[in-house]
Every structure is written in C-alpha cells, then in structure tokens.
Amino acid sequence: MFERVLVAIDSSEHSEQVIQVASELAKRFESAVLVLNVREVLLATRSNPIGKATPEQSQTLVQQAAERLVKDGVNAHGESAKAVQSGAAKEILDAAKKFKANLIIMGTHGRSEIAGLLLGSVASKVLRHAECPVTLVR
C-alpha cells in the first residue's frame, strides 16, 4: 500500500513524533523511506544567501533520522534540500514526486486550520497540493 514514504522533518520537537510514526508505518508496510529536510534561505544577495540552518546542520538532521529508522529495521535514507524563502512546500512536493512517494508524513505546529491557511503553513500547502495521501503529526 505505502511502498515509498517521504518523511519531511525540521528541527522542531514535532519531528521526533514524525519519525516515530514513520517508523511504525514503514515497518508495517515494509516501506522504503526518504527522510527530507528543506533548509529555507532568505535571499540577501544571490552570492550570499542567509538561512535559518547551515547545510551541515540540515544534513546532520536527516542523517540522524535515517540512522534511527535503519536501526528500527526500516529501509531509509536521507536528503537535504535548499529552498528560497517560502519554497519549502514546493521542495517537499517535488521530492515526493521524484521519489514516487505513496505517502508523505510531516509534522504540523498545531495552529488552527484558519491560522494555518492565513499564514500559509508548509503543511497546509503540502496537504492541498500533494498527489498522494499526507499524514500530519502533531
């Protein structure tokens, strides 16, 4: 049913629950898992982007999550990506399409539906535009 699962994580405390849910589902369905972290950058200048996290921090985050899944017996690997300000949802959707994901699992920060839509949360955008089911973890 879910042969290929994309798991989008960030550095928030929600990511721990996301990895736990992903592990349980992946073991149940014997899924291959792609762990993805999208590092957003603000364009200060083209040659000198300003970001919330460094490429090394992003890579470490996905590597640790993938290693935890592998330790749980899941076929997993990790990738990090970079998106220009407010482009994280598009990067997640593009990665899901490229990976041919049957399911996307990601966290939500628990805002109300209206607040999420007004603020344009990444989870809301992914949920509205994904070509496969999306599981949101709080």
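Residues numbered from 1 in each chain as written. Predicted model: local features only at pLDDT ≥ 70, side-chain atom pairs only at ≥ 80, totals over all residues. Heavy atoms only, no water.

(A) Geometry of the packing of helix α1 (residues 14–29) against helix α2 (residues 55–71). Where α1 contacts α2, the axes come no closer than 10 Å and their chain directions differ by 35 degrees. Here α1 runs over α2; the crossing is right-handed. Between α1 and α2, the contacting residues are Glu16, Ile19, Gln20, Ala22 and Ser23 on the first element and Ala65, Arg68 and Leu69 on the second. In terms of residue class, the contact of α1 with α2 is made up of four nonpolar, two polar and two charged. (Axes fitted to C-alpha atoms, helices over the stretch in contact; angles between N-to-C directions. Helix = DSSP H or I, 4+ residues; strand = E, 2+ residues; numbered from the N terminus. Left-handed = near helix turned anticlockwise from the far one by under 90°. Contact = heavy atoms within 4.5 Å. Nonpolar A, V, L, I, M, F, W, Y, C, P; charged D, E, K, R; others polar.)

(B) Structural context of the packing of helix α3 (residues 88–99) against helix α5 (residues 122–129). It is the contact of α3 with α5, at a shortest axis distance of 8 Å, that shows an interaxial angle of 40 degrees. The angle between α3 and α5 places the two elements in the oblique class. Our pair here, α3 against α5, has a crossing hand that is right-handed. Contact residues: Ala88, Ala89, Ile92 and Leu93 in α3; Val122, Lys125, Val126 and His129 in α5. A breakdown of the residues in the contact of α3 with α5 according to their chemical character gives six nonpolar, one polar and one charged. (Parallel < 35°, antiparallel > 145°, perpendicular 65-115°, else oblique.)

(C) Up close: the nonpolar core. Membership of the largest hydrophobic core comes to 22 residues, with the highest contact counts inside it found for Leu6, Leu36, Val38, Ile92, Ile104, Met106 and Val126. Counting residues per element, the ones that place at least two in this core are β1 (4–8), β2 (32–42), β4 (75–84), α3, β5 (103–107) and α5. Residues contacting isoleucine 92, with those up to four places away along its chain left out, are Leu6, Ala8, Leu36, Val38, Ile104, Met106, Val122 and Val126. Of all hydrophobic cores here, the second largest spans 19 residues; its members include Val33, Leu103, Ile105 and Val137. (Core = buried A, V, L, I, M, F, W, Y, C linked by side-chain atoms within 4.5 Å. Buried < 20%, exposed > 50% of the residue type's maximum accessible area, 1.4 Å probe, protein only.)

(D) Spotlight on α1. With 16 residues, α1 ought to run about 22 Å at 1.5 Å a step, and its terminal C-alpha atoms sit 23 Å apart, in line with that. Regarding α1, the residues found buried are His14, Ser15, Val18, Ile19, Ala22, Ser23 and Ala26. Close packing links the buried residues of α1 with β1, β2, α2, β5 and β6 (134–137). In the segment just after α1, glutamate 30 is the residue with positive phi, at about 55 degrees. (Expected span 1.5 Å × (residues − 1).)

(E) The arrangement of the environment of glutamate 16 in detail. Its place among the elements puts glutamate 16 in helix α1. Given the relative accessible area of 46%, glutamate 16 is considered partly exposed. For the pair formed by glutamate 16 and valine 137, sequence separation is 121 residues and the distance between their alpha carbons is 9.9 Å. Here arginine 68 takes part through its side chain, which lies 2.5 Å from a polar atom of the side chain of glutamate 16. (Polar contact = N/O pair within 3.5 Å; in protein donor to acceptor, adjacent residues only side chain to side chain.)

(F) Spotlight on the pattern of salt bridges. Under the defined criterion, the tally for this structure stands at three salt bridges. Put simply, glutamate 16 and arginine 68 hold a salt bridge, and the shortest N to O gap is 2.5 Å. Here glutamate 16, found in helix α1, pairs with arginine 68, found in helix α2; they are 52 residues apart in sequence, far enough to count as distant. Its salt-bridge partner being lysine 90, residue aspartate 94 comes within 2.7 Å of it at the nearest N-O pair. (Salt bridge = Lys/Arg side-chain N within 4 Å of Asp/Glu carboxyl O.)

Bear in mind that shape data such as this cannot, by itself, settle questions of function.
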